[in-house]
Amino acid sequence: MVGAVLTLLDGRPIFPRQNVRMYRIYWAASHCLRLELAVIAIMGPTGSGKSNFINKLTGCEEESGADKLESCTQDIREFIVNIASGKHYLFVDTPGFDDTYRSDRDVLRTIATWLEKKYRGEVKLTGIIYTHRISDNRMSGSLCKNLDLFGRLCGDKAAQCVRLVTTMWDNQRPENTELYQSRVLQLKEDFWKPLISVGARHERFANTQESAWKIVNGLVQTRTSSADATGKLDEASVGQTLLIQEEMVNARKKLHETSAGKALYLRFQGALQEHQETLKQLTDALAERDLSVVEQLQVEYDRTKTEMQKVIEDMERMKITLGRRIALFFGGKKIHSCAIDMNHTPAELDNRRAG
């Protein structure tokens with residue numbers, strides 16, 4: 001995990017420090033003194049602008065690859081920002097699913113472990129920002145999968161602290177404004193509807209520091225209130241518990257026993273079936289012995305077989321034994337949140353030609 005502490009004066013960073021030890025000292029101090037610290041996690045698909053959003057908030061320079069459709073965040077990264085007015089923020093950059101270098105199981109474990117650790121340390125999230133590229137003209141299978149896992153990780157009780165933030169508006173041409181607005185309407189009335197119906201809201205990010213802080217401040221203001229005369233925060237400032245935190249801490253479930261873990265297991269089953277069908281087709285094609293394509297088919301066969309083996313290994317790690325199922329049924333505390341079912345099928349978004 002990487003940490004950073006920055007102090008902002010009128011939105012400009014002062015003596016930024018890439019120093020994990022400094023972060024830990026500050027965190028201990030803020031926790032003991034009960035300073036008002038807003039904790040906001042940035043989540044979303046790989047390449048949707050999570051790191052860029054945080055860069056705008058902190059004033060840090062953009063990373064190489066931050067504007068491309070590949071992962072530039074491999075682990076949880078925490079950034080503490082101290083505003084000269086006395087406000088304090090912890091922004092959390094998370095890796096996306098369909099990561100360039102890591103499996104979805106590893107990414108889910110990374111995020112879940114961080115959330116579990118913070119919850120055990122009595123640190124709750126003030127809000128979650130979920131980023132989505134408005135330039136996407138299709139809700140692909142990977143985007144639908146990301147959204148479904150997010151809904152199951154978050155839960156209905158925490159949806160009120162979620163902001164669904166569309167990015168890449170600054171890349172649009174003026175004639176595409178109506179098109180992009182139509183896509184937002186489609187997202188709100190279809191793909192995002194389960195989240196919005198339980199309290200989530202949409203925000204538009206203009207790729208500026210002012211826009212990023214407007215979204216954050218709007219979120220924080222709805223979730224917190226001023227400290228009282230004793231310096232203690234009221235109940236609204238404590239933060240929100242996510243479903244996966246309840247499951248792993250209160251109900252003592254392991255990751256693969258959570259709603260998000262089970263959903264991922266079902267997706268592995270689907271992927272395994274697809275790989276099996278592909279292998280059968282390739283085997284039939286190889287049997288025809290068409291020398292012009294046999295070498296290409298053999299390469300594809302080997303690749304598919306390797307991917308299928310990885311899926312099988314992931315499934316084995318996520319199986320729940322009968323004994324464990326019985327233990328979960330009779331043990332653990334009651335969970336108050338419910339998973340949000342976002343299981344949509346891939347579909348086209350408005351893709352009209354401009355003008």
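As the structure is a computational prediction, the values presented were derived from the model and not from experiment. (Residues numbered from 1 in each chain as written. Predicted model: local features only at pLDDT ≥ 70, side-chain atom pairs only at ≥ 80, totals over all residues. Heavy atoms only, no water.)

Novice: Give me the lowdown on the overall build of the protein, citing residues and values where you can.
Specialist: On a plain count of helices and strands, the protein comes out with 11 helices and 10 strands. The burial tally for the protein puts 47% of its 355 residues in the buried class. If you take every contact in the protein between residues at least 6 apart in sequence, the share linking residues at least 24 apart comes to 75%. Carbon and sulfur atoms form 50% of the exposed surface of the protein, whose accessible area is close to 18300 Å². (Helix = DSSP H or I, 4+ residues; strand = E, 2+ residues; numbered from the N terminus. Buried < 20%, exposed > 50% of the residue type's maximum accessible area, 1.4 Å probe, protein only. Contact = heavy atoms within 4.5 Å. Areas by Shrake-Rupley, 256 points an atom, 1.4 Å probe, with all protein chains shown as cover.)

Novice: Kindly report on the pairing of strand β6 (residues 127-133), identifying the contributing residues and their values.
Specialist: The element β6 is extensively covered by neighbouring structure, given that 7 of its 7 residues are classed as buried. Residues Gly127, Ile129, Thr131 and Arg133 of β6 are buried on one face, and the alternating residues Ile128, Tyr130 and His132, pointing to the opposite face, are buried as well. As defined by bridge partners, strand β3 (residues 37-43) adjoins β6 across 4 bridges and the pair is classed as parallel. Along β6, the bridge assignment pairs Ile42 with Ile129. Taken together, the 6 bridges between β6 and strand β8 (residues 162-167) define a ladder with parallel strand orientation. The residue of β8 that forms the bridge with His132 is Thr166. (Pairing = 2+ DSSP bridges.)

Novice: Provide a residue-level description of the nonpolar core, including the pertinent values.
Specialist: The biggest cluster of nonpolar side chains holds 47 residues, and the ones touching the most others in it are Leu195 and Ile244. The residues touching Leu195, leaving out its near neighbours within four places in the chain, are Leu147, Phe150, Ala159, Leu164, Ala200, Ile340 and Met342. Of all hydrophobic cores here, the second largest spans 19 residues; its members include Ile40, Val81, Phe205 and Val216. (Core = buried A, V, L, I, M, F, W, Y, C linked by side-chain atoms within 4.5 Å.)

Novice: Break down the packing of helix α3 (residues 104-120) against helix α8 (residues 243-250) for me, with residues and values.
Specialist: α8 packs onto α3 with a crossing angle of 70° between their chain directions and a minimal axis gap of 9 Å. With respect to α8, the element α3 is oriented roughly perpendicular. Here Leu108, Ala112, Leu115, Glu116, Tyr119 and Arg120 of α3 come into contact with α8, specifically with Ile244, Gln245, Met248, Val249 and Asn250. The residue makeup of the contact of α3 with α8, split by class, is 7 nonpolar, 2 polar and 2 charged. (Axes fitted to C-alpha atoms, helices over the stretch in contact; angles between N-to-C directions. Parallel < 35°, antiparallel > 145°, perpendicular 65-115°, else oblique. Nonpolar A, V, L, I, M, F, W, Y, C, P; charged D, E, K, R; others polar.)

Novice: Quick one: what's the story with the side chain of Thr58, residue by residue and with numbers?
Specialist: Turning to its location among the elements, Thr58 is positioned in helix α2 (residues 50-58). Separated by 3.5 Å, the side chain of Thr58 and the backbone oxygen of Asn55 make a polar contact. (Polar contact = N/O pair within 3.5 Å; in protein donor to acceptor, adjacent residues only side chain to side chain.)

Novice: Account for the pattern of salt bridges, with residues named and values stated.
Specialist: Following the criterion strictly, the structure yields 8 salt bridges and no others. Of the charged contacts in the structure, one is a salt bridge between Asp106 and Arg105, with a shortest N-O distance of 3.7 Å. Classification of Arg105 as buried rests on a relative accessible area of 13%. (Salt bridge = Lys/Arg side-chain N within 4 Å of Asp/Glu carboxyl O.)

Novice: Give a detailed account of α8, specifying residues and quantitative values.
Specialist: Burial of α8 is extensive: 7 of the 8 residues sit out of reach of the surface. What α8 keeps buried is the set Leu243, Ile244, Gln245, Glu246, Glu247, Met248 and Val249. Looking one or two residues beyond α8, the residue adopting positive phi is Arg252, at roughly 60°.

Novice: Mind laying out unusual backbone geometry, listing which residues take part and the relevant values?
Specialist: Even without glycine at this site, Glu122 takes up a positive phi of about 60°. Secondary-structure assignment places Glu122 in the loop between α3 and β6.

Novice: Let's hear about the packing of aromatic side chains: which residues, and what values?
Specialist: One pass over the structure, following the stated rule, counts 6 aromatic pairs. With a centroid separation of 4.9 Å and an interplanar angle of 65°, the aromatic rings of Phe53 and Phe205 are classed as edge-to-face. Taken as a pair, Phe53 in helix α2 and Phe205 in the loop between β9 (201-204) and α7 (209-223) lie far apart in primary sequence, 152 residues in all. Both residues of the pair, Phe53 and Phe205, belong to the buried class. Relative to Phe150, the ring of Tyr130 has its centre 4.6 Å away and its plane inclined at 40°; by these criteria the two rings are tilted. (Phe/Tyr/Trp six-rings, centres within 6.5 Å; stacked < 30°, edge-to-face > 60°.)

Novice: Pulling in residues and values, what's your account of the environment of Val107?
Specialist: For Val107, the position within the fold is in helix α3. In this structure the C-alpha to C-alpha distance between Val107 and Phe97, which are 10 residues apart in sequence, comes to 6.3 Å.

Novice: Describe the confidence of the model for the protein, naming the residues involved and giving the relevant values.
Specialist: Detailed conclusions should not be drawn from predicted coordinates in areas where pLDDT is low. When pLDDT is averaged along the protein, the result is 76, and 65% of the positions lie at 70 or above. Model confidence for the protein, summarised as mean pLDDT per element, is weakest for helix α1 (residues 20-33) at 40 and strongest for β8 at 97. This model gives residues 64-69 a pLDDT under 50, and the stretch forms 8 contacts once residues within four places in sequence are excluded. Scored below 50 in pLDDT, residues 226-237 shows 12 contacts in the model against residues more than four places distant or in partner chains. (pLDDT = per-residue confidence, 0-100.)

Novice: Explain α3 to me, using residue names and the numbers behind them.
Specialist: Along its 17 residues, α3 runs 24 Å from first to last C-alpha, staying within 8% of the 24 Å computed at 1.5 Å per residue. Counting buried positions over the 17 residues of α3 gives 12, a clear majority of the element. The set of residues buried in α3 consists of Asp104, Arg105, Val107, Leu108, Thr110, Ile111, Ala112, Trp114, Leu115, Glu116, Lys118 and Tyr119. Remark: Glu122 follows α3 within two positions and exhibits a positive phi of approximately 60°. (Expected span 1.5 Å × (residues − 1).)

Novice: Could you give an account of the state of the cysteines, naming the residues involved and the relevant values?
Specialist: Scanning the model with the defined rule gives 0 disulfides in all. Between Cys161, a cysteine without a disulfide, and Cys154, which holds the nearest cysteine sulfur, the sulfur-to-sulfur distance is 6.0 Å. Given the relative accessible area of 0%, Cys161 is considered buried. (Disulfide = S-S within 2.5 Å.)

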